[in-house]
Amino acid sequence: MLLCMTSPGLAAWDLNLSEKALPYPAPEGLFVSQGKVLPIEKYRGHKVMLWLFSTWCHTCVVAAKSLEKNNAGLQKNGLTILALRNYKNGGNSGLSIEQFIEKFVPSMTQAENWVLGEASAQLDNAYNARHYADVYFLIDEQGMVQVVSTSPAATLSTIKKFIKGP
Amino acid sequence: MNKIISACKIVFSLGQYKIIALISFLVFLTLYLFALPSSYTGGVISFESLTFLDGKSVFLSLLMAALAALIMVFIIYLFKQGQSANKASATGGLVIGFITPLLCCSPLLPIAFGLIASLFPALNGSFLGPRVQGFIATHQEALFAFAIMLLILALYQNAKRITNGVCCRASTMNIKNLGD
């Protein structure tokens, strides 16, 4: 704790949660959005932020608000945000994805670059086998996972760096 | 409450304890101000955590730091008087106050349960880690209230010892000698 406090330059904010060496091909995965089952691959060719979160987590509320605040810049740089509630909401009851967005970031229901949905068991297994409450994957146009991290509000600079490219 | 006020009067009649209290308060306040926003940063503690401070976190930090500082002063006073201090409730209050925001929503618990599941494969695929995390996240206010209650209990227990003063136990032998 003291180390973190005395080392502002510590790369803790770029917390890498990837279990594989980066970059790696994004696994296939299905999710449900507005009653339709969609594959992640549908968004191949776009810069994608696949954000898996649970609606009971405090980090996720702050993250949603931060993404909403910065969405103009994210959208301008071509980022599609797949905001998916974790499969079974990470084993806990809570708001549905629609209720969560409506409650905390209502303007994002109209955002063109946001896709809201619920992760399938298969997607959960492929991307979030450890059942993190808040984890995101930055996938480039070639379908390669470039970043795996948590807490988008705290790691916004990482997301901005990704969309601006090398 | 009277016991706590009386104990404060006794302890703070000595100037050195005012300085110890001030230093302890500042140390605990710094720790709490860094630790409490970590429930919004995925458990990460750094200078940037301070940007996530809100009114509730500041209020809780001030309250818990004040209680912890007073307990610290009481314990030091009792120790210097050669008396034993009650440390269990204080430790419980401090641990719960610091750990709650760190565990809520951070990757720590899922990783820990992942390691446990690697030893006990029957737990694979279970939502045990997220369930514990979900409990912490949805009961965070209650956990903070519990931590504060433990700190108040510790403060009261130690205040009682201070106001009771130094107790000398008379042995039965001494009592017999007094009778002779």
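Residues numbered from 1 in each chain as written. Chains lettered and ligands numbered in written order. Predicted model: local features only at pLDDT ≥ 70, side-chain atom pairs only at ≥ 80, totals over all residues. Heavy atoms only, no water.

Chemist: Even after reading the chapter, I still don't get the overall build of chain B, so can you show me in this structure?
Modeler: Check the secondary structure of chain B and you find eight helices and zero strands. Along chain B, helices (α) and strands (β) appear in the sequence α-α-α-α-α-α-α-α when read from the amino end. Within chain B, the fraction of its 180 residues that count as buried is 42%. (Helix = DSSP H or I, 4+ residues; strand = E, 2+ residues; numbered from the N terminus. Buried < 20%, exposed > 50% of the residue type's maximum accessible area, 1.4 Å probe, protein only.)

Chemist: I keep staring at the overall build of chain A and nothing clicks. Help me out?
Modeler: Helix and strand counts for chain A stand at six helices and eight strands. The linear arrangement of helices and strands in chain A, starting from the amino end, is α-β-β-β-β-α-α-β-α-β-α-β-β-α. In terms of C-alpha radius of gyration, chain A reaches 15 Å, essentially the compact-globule figure of 15 Å for 166 residues. A buried classification covers 56% of the 166 residues belonging to chain A. (Rg over C-alpha atoms; globule rule 2.2 N^0.38 Å.)

Chemist: Any chance you could explain a positive patch on the surface here in plain terms?
Modeler: Positive charge collects at one region of the surface, where A:K69, A:K76, A:K160 and A:K164 lie side by side. When you line up the elements, A:K69 lands in helix 2 (residues 58–69). (Patch = residues over 30% accessible without salt bridge, like charges linked within 9 Å, V, L, I, M, F, W, Y side chains within 5 Å. Areas by Shrake-Rupley, 256 points an atom, 1.4 Å probe, with all protein chains shown as cover. Salt bridge = Lys/Arg side-chain N within 4 Å of Asp/Glu carboxyl O. Lys, Arg positive; Asp, Glu negative; His and termini not counted. Charge placed at Lys NZ, Arg CZ, Asp CG, Glu CD.)

Chemist: So what exactly am I meant to see when it comes to the interface of chain A and chain B here?
Modeler: One frequently used descriptor of interface size is the decrease in accessible area upon assembly of the parts. Every contact between the two is made by 27 residues of chain A and, on the other side, 34 residues of chain B. Summed over both sides, the interface between chain A and chain B buries roughly 2600 Å², with carbon and sulfur atoms accounting for 71% of that surface. Between chain A and chain B we count zero salt bridges in total. Here chain A is connected to chain B by five residue pairs in polar contact (both at pLDDT 80 or more). Taken together, the elements giving at least two residues each to the side of chain A that touches chain B come down to helix 1 (2–6) and helix 2 of chain A. For the side of chain A that touches chain B, the class distribution of residues is 16 nonpolar, nine polar and two charged. (Contact = heavy atoms within 4.5 Å. Buried area = accessible area lost by both parts, 1.4 Å probe. Polar contact = N/O pair within 3.5 Å; in protein donor to acceptor, adjacent residues only side chain to side chain. Nonpolar A, V, L, I, M, F, W, Y, C, P; charged D, E, K, R; others polar.)

Chemist: Looking at this structure, I do not really get the confidence of the model for chain B. What am I missing?
Modeler: Note that predicted coordinates carrying low pLDDT should not be read in detail. For chain B, the mean per-residue pLDDT works out to 85, and 89% of the residues sit at or above 70. Here the predicted complex scores 0.80 on pTM and 0.73 on ipTM. (pLDDT = per-residue confidence, 0-100.)

Chemist: Where do I start with helix 7 (residues 140–164) of chain B in this structure?
Modeler: With 25 residues, helix 7 of chain B extends 36 Å between its outermost C-alpha atoms, agreeing within 8% with the 36 Å of an ideal straight helix rising 1.5 Å per residue. Buried positions along helix 7 of chain B lie against helix 2 of chain A together with helix 1 (2–12), helix 2 (15–35), helix 3 (55–80), helix 4 (88–103) and helix 6 (128–138) of chain B. With its phi angle positive at about 75 degrees, B:G165 sits one or two positions after the end of helix 7 of chain B. (Expected span 1.5 Å × (residues − 1).)

Chemist: What is the right way to look at the nonpolar core in this model?
Modeler: A:M49, A:W51, A:L67, A:W114 and A:I159 are the most contacted members of the largest nonpolar core, which has 35 residues in total. At five residues, the largest contribution of residues to this core is made by helix 2 of chain A. With residues near it in sequence (within four places) discarded, A:W114 still touches A:A64, A:L67, A:E68, A:N71, A:I81, A:A83, A:I101 and A:M108. Ranked by size, the runner-up nonpolar core spans 34 residues in total, among them B:L29, B:Y32, B:Y77 and B:A85. (Core = buried A, V, L, I, M, F, W, Y, C linked by side-chain atoms within 4.5 Å.)

Chemist: Could you clarify how one ought to interpret the sheet that holds strand 5 (residues 79–85) of chain A in this entry?
Modeler: Pairing between the strands of a sheet comes from backbone hydrogen bonds, and it takes one of two forms, parallel or antiparallel. Residue and element names in this part refer to chain A. The strand order across the open sheet formed by eight strands is 1-8-7-4-5-6-2-3, and the pairing between neighbours is mixed. Edge positions in the open sheet fall to strand 1 (24–25) and strand 3 (36–39), since each of these has one partner strand only. Across seven bridges, strand 4 (residues 47–53) lies against strand 5 in parallel orientation. Note that in strand 5 the partner of L50 across the bridge is L82. Seen against the sheet, helix 6 (residues 156–164) touches strand 4, strand 5, strand 7 (134–139) and strand 8 (144–149) and runs at an angle of roughly 15 degrees to strand 7. (Pairing = 2+ DSSP bridges. Axes fitted to C-alpha atoms, helices over the stretch in contact; angles between N-to-C directions.)

Chemist: Explain unusual backbone geometry to me, please; I cannot follow it from the model alone.
Modeler: Most of the time, phi is negative for any residue but glycine, and the peptide bond is trans. Residues and elements named next belong to chain A. The linkage connecting L22 with the following residue, P23, adopts the cis geometry, with an omega of -5 degrees. Along the chain, P23 turns up in the loop between helix 1 and strand 1. A positive phi angle, near 55 degrees, is found at N89, a position not held by glycine. Residue placement: N89 occurs in the loop between strand 5 and helix 4 (97–104).

Chemist: Help me out: how do you make sense of the pattern of salt bridges in this one?
Modeler: Two side chains of opposite charge can pair, provided their charged atoms sit close to one another. All names here are of chain B. Here the structure, examined in full by the defined rule, presents two salt bridges over all chains. Between E141 and K56 there is a salt bridge whose closest N-O contact spans 2.7 Å. Separated by 85 residues along the polypeptide, E141 in helix 7 and K56 in helix 3 bring together distant segments of the chain. Classification of E141 by relative accessible area gives partly exposed; the value is 44%. Using a relative accessible area of 38% as the deciding quantity, one classes K56 as partly exposed.

Chemist: Would you mind showing me how to read the packing of aromatic side chains here?
Modeler: Aromatic rings considered in pairs are described by the distance between their centres and by the relative angle of their planes. Inspection of every chain in the model, using the stated rule, returns eight aromatic pairs over all chains. Considering the side-chain rings of A:W51 and A:F53, the 4.2 Å spacing of their centres and the 25 degrees angle between planes classify their relative orientation as stacked. Here A:W51 matches A:F53 in class, with each residue buried. For the pair B:F34 and B:F47, a centre-to-centre distance of 5.4 Å together with 75 degrees between the ring planes defines the contact as edge-to-face. Of this pair, B:F34 sits in helix 2 while B:F47 sits in the loop between helix 2 and helix 3, placing them 13 residues apart in sequence. By relative accessible area, which is 6% here, B:F34 ends up buried. Put simply, the rings of A:W51, A:F53, A:F100 and A:F104 touch in pairs and so form one group of aromatic residues. (Phe/Tyr/Trp six-rings, centres within 6.5 Å; stacked < 30°, edge-to-face > 60°.)

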